Amino acid sequence: MKIPTRLYLSEDEIPTSWYNLRAFMKDKPEPMLHPGTLRPVTAADLSPVFCDEPIKQELDDSTPFIVIPEGLQSFFRAYRPAPLIRAYFLEKELGTPAEIYYKFEGTNTSGSHKLNSAAAQAFYAKAQGLNALTTETGAGQWGSAMAMACAFYKLSLTVYMVKISSEQKPYRKTLIETYGANLVPSPSSTTEAGRKILAEDPGSNGSLGCAISEAVETAVKTESCRYVLGSVMNHVLLHQSIIGMETKAAFDKYNVKPDVIIGCAGGGSNLGGLIAPFMGERIENKNDIHFIAVEPASCPSFTRGRFAYDFGDTVQTTPLVKMYTLGSGFMPSPNHAGGLRYHGMNPTLSKLYHDGYLEARAETQTDVFNAAVYFAKVEGILPAPESSHAIKVVIDEALECKRRGDKKVILFGLTGTGYFDMSAYAAYNANTMTDYIPTDTDLTKGFASLPNIPQNR
Ligand SMILES: *Cc1c(COP(=O)(O)O)cnc(C)c1O
């Protein structure tokens, strides 16, 4: 059968369950710990902050398939199935015998895969009878996705957006506000955490850690309100498994079997979602797929991080998570425009990496943008800088196939579009983009912030 450019799935073929990868792992990820007692966290510990159903999913490492509620499936049908595309033009341009496919998550207005979990979390908040949610956003994709989802499910939303980012990306701010969310540049005077930071540094540009503190504080203090997070946590990875389930359904239909699967990794949610059903089979020795995570050289959690218990936020209030981390005190370089700046990595992917199921590579920003522009010119789609980390490694792998005359089947996740990243593309075009790779001394400072607990010794 000739493979079409778009491997078509109908609306009826959208998966109706998520794939809980942890249920397929013989060696499970370590439990999250309460930072005070150092005992595994319970649902009761998490319930003042998070919504009930996502907490259940977070703590569930045994149910293989979790049903997607009908009220959520109907929202998915408005923008899914996401296209699975054969990159014929890219293959031809590279002159590679490899087959290249990408799952494109940038077709919804928020512009990335993040809407898959935003919709799920808004749906569960509504079902629980809540009125409001809070969250933080750095680059703005998560805030945009949550704003769309909350508009649909009629919930009020407050987004604490890192101040420098709200100034550098005014159109992200406008998009979030257009969908009806209340956008607060962080640090703000609306919370104790924000006021404290402003008192110390009135000109503060803000940080993700500070925005998280503000969002959590507001959620805990507001009646009928909870906090939502867009990556790192296992329930987010579960929601993103729809990416992999759809991809597998389409591949099965056209009898395509991937040899290599490549994805970018910030907190790990898109990669974990894309690989989930394929990794489940890999663990059961039903395939021999080579999985590659790609991270920025400026924030190399997998390739240079430690596998340790760490906080999820820079102000050290969250539960402790066993993961690959640079330390919650690690500060990514301000010249890095390519996203994926998070210091840690999802605990399930961390465990798989530790056990040798996953390779990781770190790429520099200029190499990533070279790949992004090359891809845009041949395939037409302007990729998000984050997604372009995967593209860089896809091109490397396809050229390696060419040298060896190897007809591998390569799949990658094209997580989003780059329309709101014009200042980064402008810097690239003007030749002013620079690379930064932290020295070992830089990393030592981050590692010093790791909690000094028996589990880490
Ligand atoms: C947020 C984001 C990422 C990285 O987040 P993960 O949780 O690692 O998937 C990747 N690509 C795009 C377009 C994003 O918005």
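Keep in mind it's a predicted model, so treat the numbers as computed, not measured.

1. A few points about helix α18 (residues 440–447)
- Taken together, the buried positions of α18 are L443, G446 and F447. Projection of α18 onto a plane perpendicular to its axis shows the buried side chains occupying an angular sector of 95°, all on one side. Those residues of α18 that are exposed and angled more than 90 degrees off the buried face are T441 and K445.
- Looking at the buried residues of α18, the elements they touch are α13 (301–304), β11 (306–311) and β12 (320–325).

2. Focus: the side chain of T348
- Counting through the fold element by element, T348 comes out in helix α14 (residues 347–354).
- Apart from residues no more than four positions distant in its own chain, T348 is found in contact with L21, R22, M25, P29 and N234.

3. Re the sheet that holds strand β8 (residues 225–227)
- On the basis of which strands lie adjacent, the open sheet formed by 4 strands has the order β7-β6-β5-β8 and parallel pairing. Because the sheet does not close on itself, it has two edges, and the strands there are β7 (182–186) and β8. Averaged over all neighbouring strand pairs, the angle between strand axes comes to 20°, with direction disregarded.
- Looking at chain direction, strand β6 (residues 156–162) and β7 are connected through 5 bridges and run parallel. Paired with Y160 across the bridge in β7 is V184.

4. Some points on helix α2 (residues 52–59)
- All of the buried residues in α2 are P54, I55, Q57 and E58. Relative to the axis of α2, the buried residues are bounded by an arc of 165° and lie together on one face.
- Packing partners of the buried residues in α2 comprise β1 (17–19), α1 (43–46), β2 (65–67), α5 (115–127) and α11 (234–254).

5. Details of the pairing of strand β10 (residues 290–296)
- Within β10, 6 of the 7 residues are buried, which leaves it mostly tucked inside the rest of the structure.
- Strand direction decides the pairing type here: strand β9 (residues 260–264) and β10, joined by 5 bridges, are parallel. When the bridges of β10 are listed, V260 appears paired with H290.
- In this fold, β9 hands off to helix α12 (residues 269–283), which returns the chain to β10; that crossover is right-handed.
- Both β10 and strand β13 (residues 359–363) contribute to a ladder of 5 bridges, which runs parallel. In the sheet register, P296 faces β13, and the bridge partner there is E363.

6. Looking at the state of the cysteines
- In the structure shown here, the tally under the stated rule is 0 disulfides.
- Unpaired in terms of disulfides, C150 finds its nearest cysteine sulfur in C51, a separation of 9.5 Å.
- Between C210, a cysteine without a disulfide, and C225, which holds the nearest cysteine sulfur, the sulfur-to-sulfur distance is 17 Å.

7. Some remarks on the domain arrangement of the chain
- Entries for the chain in the domain assignment read domain 1 (17–66 + 114–227) and domain 2 (73–111 + 240–452).
- For domain 1 and domain 2, the distance between their C-alpha centres works out to 22 Å.
- Contacts between the two partners involve 41 residues from domain 1, matched on the other side by 39 residues from domain 2.
- Between domain 1 and domain 2 lies a buried interface of about 3,500 Å² when both sides are counted; carbon and sulfur atoms form 65% of it.
- Three residues stand out in domain 1 for area buried against domain 2, namely Y19, L21 and N116, and they jointly supply 19% of the buried area on that side.
- Joining domain 1 to domain 2, the criterion identifies 1 salt bridge.
- Note that K169 is salt-bridged to D421, the shortest N-O span being 3.0 Å.
- Elements represented by at least two residues in the side of domain 1 that touches domain 2 include exactly β1, α5, α6 (141–153), α8 (170–178) and α10 (208–221).
- At 6 residues, α6 tops the list of elements feeding residues into the side of domain 1 that touches domain 2.
- For the side of domain 1 that touches domain 2, the class distribution of residues is 25 nonpolar, 8 polar and 8 charged.

8. Digging into the site of the ligand
- Around the ligand lies a shell of 17 residues, among which K114, S231, S269, N270 and T415 are the nearest.
- Here an oxygen atom of the ligand and a side-chain polar atom of H113 are 3.1 Å apart.
- Here K114 contributes a side-chain N or O atom positioned 2.6 Å from an oxygen atom of the ligand.
- Considered on its own, the ligand offers 380 Å² of accessible surface; in the complex 94% of this is hidden by protein.
- Looking at the shell around the ligand residue by residue, the classes come out as 4 nonpolar, 11 polar and 2 charged.

Criteria and cut-off values
Residues numbered from 1 in each chain as written. Predicted model: local features only at pLDDT ≥ 70, side-chain atom pairs only at ≥ 80, totals over all residues. Heavy atoms only, no water. Buried < 20%, exposed > 50% of the residue type's maximum accessible area, 1.4 Å probe, protein only. Helix = DSSP H or I, 4+ residues; strand = E, 2+ residues; numbered from the N terminus. Arc of directions from axis to C-beta. Contact = heavy atoms within 4.5 Å. Pairing = 2+ DSSP bridges. Axes fitted to C-alpha atoms, helices over the stretch in contact; angles between N-to-C directions. Right-handed = clockwise from strand over helix to strand, strands pointing away. Disulfide = S-S within 2.5 Å. Domains from an automatic or database assignment. Buried area = accessible area lost by both parts, 1.4 Å probe. Salt bridge = Lys/Arg side-chain N within 4 Å of Asp/Glu carboxyl O. Nonpolar A, V, L, I, M, F, W, Y, C, P; charged D, E, K, R; others polar. Near = heavy atom within 4 Å. Polar contact = N/O pair within 3.5 Å; in protein donor to acceptor, adjacent residues only side chain to side chain. Areas by Shrake-Rupley, 256 points an atom, 1.4 Å probe, with all protein chains shown as cover.

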